[in-house]
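Results of the structural survey
The primary structure of each chain is shown beneath.
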Amino acid sequence: MSADVQQPAAAVRAPAERALARPERRALTALVAVVVLGAIGAISLLDIRPPAPKPVSAPADQFSAARAADHINTFAARTHVAGSANNDTVRNYLVNTLSGFGLRTSVQDTVGGEAGDLSGSSGAAAVAHVRNVVAEVPGTDPTGTVFLVAHYDSVQVGPGGNDDGAGTSSVLEVARALSQGPAPRNNVVFVLTDAEEACLCGALAFASAHPLAKDGGVALNLEARGSTGPVIMFETSRDNAKLVSLFRSAAPHPVGTSFAVEVYRLLPNDTDFTAFLGNDFVGLNSAYIDGGAVYHTPLDTPASVDRRTLQQHGENALGLVRAFGATDLTDLRANGDATYFPVPGTLVSYPGWLTWPLAGLALLAVVGLALLTVRSGRATWGKVAAGFGLGLVPIVAAPLAAQLLWMLVTALRPGYADLLDPYRPLLWRLTVILLAATVLLTWYALLRRRIGPAALALGAFGWLAVLGLVLAAATPGGSYLAALPALAGALGGIVALRLRGAWTAVPLTVGAAVGVVILVPTVVLLFPALGMAMGGVGALFATLLGLAALPIVDLLLPAAGGQRGLVALRARRLGLGVPVLALVATLALAGSAFAVDRFDAAHPIPTHLMYALDADTGQARWVSYESSPQPWTAGYLATREKVGTQFPEIGASTVRTGPAQAAALPPAALTVVSDSTAGGVRTLRVKLAPQRQVRLAALHVDGATATVDQASVDGFEVPVDRSGPWSFGLVFHAPPAGGFEVSLTLRPAGAGPVRFRVEDGSDGLEALPGFKPRPAGVGVLGSHSSELVLVVKSYLL
Ligand SMILES: [Zn+2]
């Protein structure tokens, strides 16, 4: 029995479908609906596009990206990692610039830190010698203090034009603009932190110990994890309803979504904002994330900073500083969390308690639509159930297809594996969106004759409603993404049932438009947030968008049912024509993405290489974290091994290594300052002094020889983590040239000495014997351990 003769009788009966079954009428309706939805999508995208940059000649009380960019060109021309001479130069520039605006400017020079680690597995506490630049604007009648925060240190391999040259220059330009006008009501403090890249240590020192921070306040942090795209307010303190409402009214270009907070938690990133939250501040965290290929690499230059993005970053910051500077800061924490997302012209925001009612309402609306649909004879309950069951197929298949595609692409071009996002990601993102469309259209074309358009649309809305409920439980800030399109789609369907002919397309288009407004910016913002390696998430939301607009998608295909025999056969072939077309377009797009996004001198393949010398044995190694080594790196590598017990900074996981020539690099010296034992507890004060110019120095105590109970460095108490092979680990970033003292209270395991592992890390990989310069087209991976030169030595004390 052929399905061709089993057309849904109801579809033939219904006058609306009969009217839209006429090919010309149907094509025209489809065209109008698609143009309307396309225009709404385009407006949604234009709305989150950063504004035009303002020139150097812009009025003095305004933020000018050109003026801010001049600062970046000056201080971010070279890398300026914490503790380096370049960083001193940058700091002097910042102090001079801020005091030049007439602001009381000082440097907080201290040791700061908290538990943390460099490689993600050494379990060591991290501290740093930090020098934070702090400039004050005293308020006229303060109710509290507003802190505008960015970090001025860069990573060791890149100049940090964006990260965080953009934030730092924005702070300077906001400080200048603010100093032009009347003094604000509240205190405003500009904080340019040090050693963010190493350990957030500058922000930790400021938030926990600076006198200006002791009463807390509002922290507004400016960050960058790319080079372009909209600035997204992606993180808030808890109970953010009032903060979000101020953000909406005060930021000239407010882009932010309550879903971003949930996405951010999935990512391995951390910013200075964490340090402020940990010290009970309230506040907002903003960053831009597109153009992630340059993140933490030598390509993060001043020239790579998108001036539009910089304008948005600074203009929003200035607006927020002015608004928080004028408002009563005494009770900003109230009313729970808000749900918020961008719509053209503004930011929609509603109280978080509406999440469950809206998600419930969406489900009710879908159930109501199902009842009315069955009652009108457009579908049976059996078909509705089948539509719902089969609705899960594209939701699962499209993300899966996207992930498989990227696995294939990465297998063909392994350089992608170690890149946050491709250099030219647009074609790849469009490929994934088209792939999702292909999956959805194929699924739809195969099923709609058998199940019927009405039942399939019900299934689509049903899954959106279910997802709305699931998200309400798991990530409340993201529930709106599915619940609102389901609600709007179902209400549109209910209205459409009461209309005739082409008019039915009007409420259906309006319903789909809600999905477009909500999900188009979501898809566009998710791709840079997660990178192509998690492109499946973008595919998932693209699929949800397609499901929200399924009644309109239906119009793109020839009318379902109504034909018999040969005509029906032709219709079916035509029905598959659209998905086949989509598939061909996907393949063509993937091919052009592959051809366009090649690695070259300006878009180099990222490579990761470090050097590790064990001064005990005189043996040296090249070490790489690359997942599948590039030819350049492979030249240094011979095997895979675990070297974490030898080099604590490298961590416990398996890495690629190869033999290297031992360089004449002196290990750090460890000497006893004082030593006393009472009641089995040994109190030991040691001095760790690097014998060369280093970025970090680390001290580890072998757990087999002693148990450490307490530790402090230069009077700063540090946490003790005894979970690994080490009874204690400490990494000191930007250590003083003369070294530093560590006080330990420990219990020796036996009568023998305690074994210490002392390690230091520096720049200078390219000067090592055996290092061959990278050829054009081979670049440096954006990682905190790239180009690190480690020297380690054991001491028995
Ligand atoms: Zn960074």
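Keep in mind it's a predicted model, so treat the numbers as computed, not measured. Every chain's residues receive numbers from 1 upward, in the order its sequence appears when written. Totals for whole chains, interfaces and linings use all residues, but because this is a predicted model, local features are given only for residues with pLDDT of at least 70 and pairs of side-chain atoms are given and counted only at 80 or more. Think of the side-chain values as coming from all heavy atoms in the structure, minus any hydrogens and water.

Per residue, pLDDT measures the predictor's confidence, with a range of 0 to 100. Here the protein chain shows a mean pLDDT of 92. Residues at 70 or above account for 94%. In this description, contact between two residues means that some pair of their heavy atoms is separated by no more than 4.5 Å. For the stretch residues 115-121, pLDDT sits under 50, and the model shows 21 contacts to residues farther than four places along the chain or on other chains.

What follows concerns the sheet that holds strand E15 (residues 669-678). With antiparallel pairing, five strands are arranged side by side in an open sheet as E15-E16-E21-E18-E19. Two strands in the sheet have a free side with no partner beyond their single neighbour: E15 and strand E19 (716-717). With seven bridges joining them, strand E16 (residues 681-689) and strand E21 (residues 740-748) adopt antiparallel strand pairing. Residue pairing for E21: Thr 683 is matched across the bridge by Thr 745. What makes two strands pair is DSSP finding at least two bridges between them. Comment: elements are numbered from the N terminus, with helices defined as DSSP H or I runs of at least four residues and strands as E runs of at least two.

This part covers the packing of helix H9 (residues 241-250) against helix H12 (residues 307-326). Think of each axis as a best-fit line through the C-alpha atoms, taken over the contacting stretch in the case of a helix, with angles from 0 to 180 degrees between the N-to-C directions. Direction vectors running N to C along H9 and H12 enclose 125 degrees, while the axes themselves pass 9 Å from each other. Taken together, the axes of H9 and H12 are oblique relative to one another. The two elements H9 and H12 meet at a crossing, and its hand is right-handed. Here H9 contributes Leu 243, Leu 246, Phe 247 and Ala 250 to the contact with H12, which in turn contributes Gly 319, Leu 320, Ala 323 and Phe 324. For the contact of H9 with H12, a count of residues per class yields seven nonpolar, one polar and no charged. Orientation categories follow fixed angle ranges, with anything under 35 degrees roughly parallel, anything over 145 roughly antiparallel, 65 to 115 roughly perpendicular, and all other angles oblique. The crossing is said to be left-handed when, going from far helix to near helix, the turn is anticlockwise and less than a right angle, and right-handed when the turn is clockwise. When residue character is reported, Ala, Val, Leu, Ile, Met, Phe, Trp, Tyr, Cys and Pro are called nonpolar, Asp, Glu, Lys and Arg charged, and the others, Gly included, polar.

For Na, K and Ca the donor cutoff is 3.2 Å, while for all other metals N, O and S atoms must lie within 2.8 Å; water is not among the atoms, so some sites may look incomplete. Bound to the zinc ion are the protein donor atoms Asp 163 (OD), Glu 197 (OE), Glu 197 (OE) and His 296 (NE2), situated 1.9 to 2.5 Å from the metal. Working rule for geometry: tetrahedral if four donors all subtend angles between 85 and 135 degrees; square planar for four, octahedral for six, if opposite donors exceed 155 degrees and the others stay between 65 and 115; irregular in every other situation. Coordination at the zinc ion is irregular: its four donor atoms span angles of 56 to 140 degrees at the metal. Counting residues between consecutive donors of the zinc ion along the chain gives the motif D-x33-E-x98-H. Of the two residues, Asp 163 is situated in the loop between strand E3 (145-151) and helix H6 (165-180) and Glu 197 in helix H7 (residues 196-199); the sequence distance between them amounts to 34 residues. The class for Asp 163 is buried, based on a relative accessible area of 3%. For each residue, the accessible area found with a 1.4 Å probe, counting protein chains only, is set against the maximum for its type, and the residue is called buried under 20%, exposed over 50%, and partly exposed in between.

To count as a disulfide, a pair of cysteine sulfur atoms needs to be within 2.5 Å. Under the criterion given, the structure shown has one disulfide. Covalent S-S linkage joins Cys 199 and Cys 201, the inter-sulfur distance amounting to 2.0 Å. One quick way to see it: the torsion about the S-S bond of Cys 199 and Cys 201 is about -130 degrees, and its sign makes the bridge left-handed. Across the pair, exposure class does not vary: Cys 199 and Cys 201 are buried alike.

A word on the pairing of strand E5 (residues 218-224). Among the seven residues in E5, seven count as buried, and that is most of the element. When E3 meets E5, the two strands line up parallel, connected through four bridges. Looking at the pairing, Phe 147 lines up with Ala 219 of E5. As paired strands, E5 and strand E7 (residues 282-290) are joined by seven bridges and run parallel to one another. Each residue of the ladder has a partner; that of Ala 219, found in E7, is Gly 283.

To continue, consider the packing of aromatic side chains. For Phe, Tyr and Trp, rings pair up if their centres lie within 6.5 Å, where Trp contributes its six-membered ring, and each pair is then called stacked (planes under 30 degrees apart), edge-to-face (over 60) or tilted (otherwise). For the structure shown, the criterion picks out 22 aromatic pairs. Ring plane angle 70 degrees and centroid distance 5.7 Å describe the contact between Phe 147 and Phe 206, whose orientation is recorded as edge-to-face. Placement of Phe 147 in strand E3 and of Phe 206 in helix H8 (residues 201-209) is noted, with a sequence separation of 59 residues between them. Its relative accessible area of 0% is what places Phe 147 among the buried residues. Residue Phe 206 is classed as buried on the basis of its relative accessible area, which comes to 0%. A ring pair is formed by Trp 632 and Phe 771, whose centres lie 5.9 Å apart and whose planes are at 75 degrees; its orientation type is edge-to-face. Linking Trp 632 in helix H22 (residues 631-634) with Phe 771 in the loop between strand E22 (755-762) and strand E23 (778-780), this pair joins segments that are 139 residues apart in sequence. Ring-pair connections join several aromatic residues into one group, and the members of that group are Trp 406, Tyr 416, Tyr 423, Trp 428, Phe 594 and Phe 599.

Looking now at the nonpolar core. In this description, a nonpolar core means a group of buried Ala, Val, Leu, Ile, Met, Phe, Trp, Tyr and Cys residues linked to one another through side-chain atoms lying within 4.5 Å. If you look at the biggest cluster of nonpolar residues, it comprises 99 residues, and the most contacted ones within it are Trp 428, Trp 443, Tyr 480 and Phe 541. Considering each element in turn, this core owes the most residues, 14 residues, to helix H18 (residues 505-530). The residues contacting Trp 428, other than those within four sequence positions of it, are Trp 406, Val 409, Tyr 416, Pro 422, Met 532, Ala 590, Ala 593, Phe 594 and Asp 597. Formed by 58 residues, the second largest nonpolar core is a distinct cluster that contains Ala 76, Ala 166, Leu 246 and Ala 338.

Moving on, we come to unusual backbone geometry. Between Asp 163 and Asp 164 the backbone carries a cis peptide bond, its omega angle lying at 5 degrees. Tracing the backbone shows Asp 164 in the loop between E3 and H6. The backbone of Asp 280 shows a phi angle near 70 degrees, a positive value even though the residue is not glycine. Among the structural elements, Asp 280 can be located in the loop between helix H11 (272-278) and E7.

Among the residues making up helix H4 (residues 65-75), those that are buried are Ala 65, Arg 67, Ala 68, Ala 69, His 71, Ile 72 and Phe 75. Buried positions along H4 lie against helix H5 (85-100), H6 and H12. Any pair of nitrogen or oxygen atoms within 3.5 Å is treated as a polar contact; in protein, a donor-acceptor pairing is required on top of that, and neighbouring residues in sequence qualify only through side-chain atoms on both sides. A distance of 3.3 Å separates the backbone nitrogen of Ala 66 from a side-chain oxygen at the start of H4, and that oxygen is part of Ser 64.

Take the environment of Ser 44 next. Positionally, Ser 44 belongs in helix H3 (residues 23-47). You can call Ser 44 buried: its relative accessible area is 3%.

For a helix, the expected span equals 1.5 Å multiplied by the number of residues minus one. With 20 residues, H12 should cover 28 Å at 1.5 Å per step; its first-to-last C-alpha distance of 28 Å lies within 8% of that length. Capping of H12 at its N-terminal end is provided by Asp 306; its side-chain oxygen lies 2.8 Å from the backbone amide nitrogen of Arg 308.

By secondary structure assignment, the location of Thr 271 is in the loop between helix H10 (258-266) and H11. A polar contact of 3.0 Å, which involves the side chain of Thr 271, links it to the side chain of Asn 285. In contact with Thr 271, other than residues within four places in its own chain, are Glu 196, Leu 200, Asn 221, Glu 223, Glu 235, Tyr 264 and Asn 285.

Turning our attention to the pairing of strand E24 (residues 789-796). Burial runs high along E24: six of the eight residues are buried. Bridge analysis of strand E11 (residues 610-614) against E24 gives four bridges, and the strand direction is parallel. Across the sheet, residue Leu 613 finds its bridge partner in E24, namely Val 791. Summarising the sheet, E22 and E24 pair through eight bridges and their orientation is antiparallel. Bridge pairing links Val 758 to Lys 793 in E24.

A word on the pattern of salt bridges. A side-chain nitrogen of Lys or Arg and a carboxyl oxygen of Asp or Glu constitute a salt bridge if their distance falls within 4 Å. Applying the stated criterion across every chain yields a total of 22 salt bridges. The salt bridge partner of Arg 67 is Glu 173, with a shortest N-O separation of 2.9 Å. Placement of the pair is Arg 67 in helix H4 and Glu 173 in helix H6, with a sequence separation of 106 residues. According to the relative accessible area criterion, Arg 67 is buried, its value standing at 14%. Judged by its relative accessible area of 1%, Glu 173 is buried. Across the pair Arg 692 and Asp 760 runs a salt bridge, and its minimum N-O distance is 2.9 Å. Linking Arg 692 in the loop between E16 and strand E17 (696-702) with Asp 760 in strand E22, this pair joins segments that are 68 residues apart in sequence. For the pair Arg 692 and Asp 760, one class covers both residues: buried. The structure contains a network of salt bridges with shared partners spanning Arg 26, Arg 448 and Asp 554.

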